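Listed here are the chains, written in short residue letters.
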Amino acid sequence: MTNQQVAHPMVKFQRQVQSLVNKSKMIKPEDPIWKIAFLFGDDWAHWRKELEDFEFSTQDPIGDLLAVESWEE
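Residues numbered from 1 in each chain as written. Predicted model: local features only at pLDDT ≥ 70, side-chain atom pairs only at ≥ 80, totals over all residues. Heavy atoms only, no water.

What follows deals with helix H3 (residues 44-53). Turning to H3, its buried residues number three or more, namely Trp44, Trp47, Glu50 and Leu51. Projected onto a plane normal to the axis of H3, the buried residues spread over an arc of 125 degrees and lie on a single side. Tucked into the core, H3 has its buried residues touching helix H1 (9-23), helix H2 (37-40) and helix H4 (62-66). In the stretch just after H3, Glu55 is the one whose phi turns positive, near 65 degrees. (Buried < 20%, exposed > 50% of the residue type's maximum accessible area, 1.4 Å probe, protein only. Helix = DSSP H or I, 4+ residues; strand = E, 2+ residues; numbered from the N terminus. Arc of directions from axis to C-beta. Contact = heavy atoms within 4.5 Å.)

This next bit is on the environment of Leu51. Along the chain, the position of Leu51 falls in helix H3. Leu51 gets classed as buried once you look at its relative accessible area, which sits at 3%. Here the alpha-carbon distance between Leu51 and Lys12, two residues 39 residues apart in the chain, equals 13 Å. If sequence neighbours within four positions are ignored, Leu51 has contacts with Met10, Phe13, Ile33, Trp44, Phe56 and Leu65.

Take H1 next. For H1, which comprises 15 residues, the first-to-last C-alpha distance of 21 Å matches the rise-based estimate of 21 Å (1.5 Å per residue) to within 8%. The set of residues buried in H1 consists of Met10, Val11, Phe13, Gln14, Val17 and Val21. The buried residues of H1 occupy an angular sector of 160 degrees when projected down its axis, which confines them to one face. Opposite its buried face, H1 presents the exposed residues Arg15, Asn22 and Lys23, each directed more than 90 degrees away. Its buried side turned inward, H1 meets H2, H3 and H4. (Expected span 1.5 Å × (residues − 1).)

The geometry of H1 relative to H3 is characterised by a closest axis approach of 11 Å and an angle of 115 degrees between their N-to-C directions. Judged by the angle between their axes, H1 and H3 are roughly perpendicular. When you trace H1 past H3, the crossing you get is left-handed. Along the contact surface, H1 presents Pro9, Met10 and Phe13, while H3 presents Trp44, Trp47, Glu50 and Leu51. A per-class count over the contact of H1 with H3 returns six nonpolar, no polar and one charged. (Axes fitted to C-alpha atoms, helices over the stretch in contact; angles between N-to-C directions. Parallel < 35°, antiparallel > 145°, perpendicular 65-115°, else oblique. Left-handed = near helix turned anticlockwise from the far one by under 90°. Nonpolar A, V, L, I, M, F, W, Y, C, P; charged D, E, K, R; others polar.)

By themselves, these are just geometric observations and shouldn't be taken as functional.
The following block contains the structure:
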């Protein structure tokens, strides 16, 4: 029997944002988090709530989101 850990949904979100920063010229780590709202479209309301639950504001830099090492509830 294998012991597989399921990644926290915020880890997946963080990876998506990191990929956007790495691959696009549209957003940079120093940009405010609200800039990614346009890229997540209808899913943004969910992710905004999740970010607020972790005490992020849409004015915080994207780099702060990317710097989180552990998403513990």
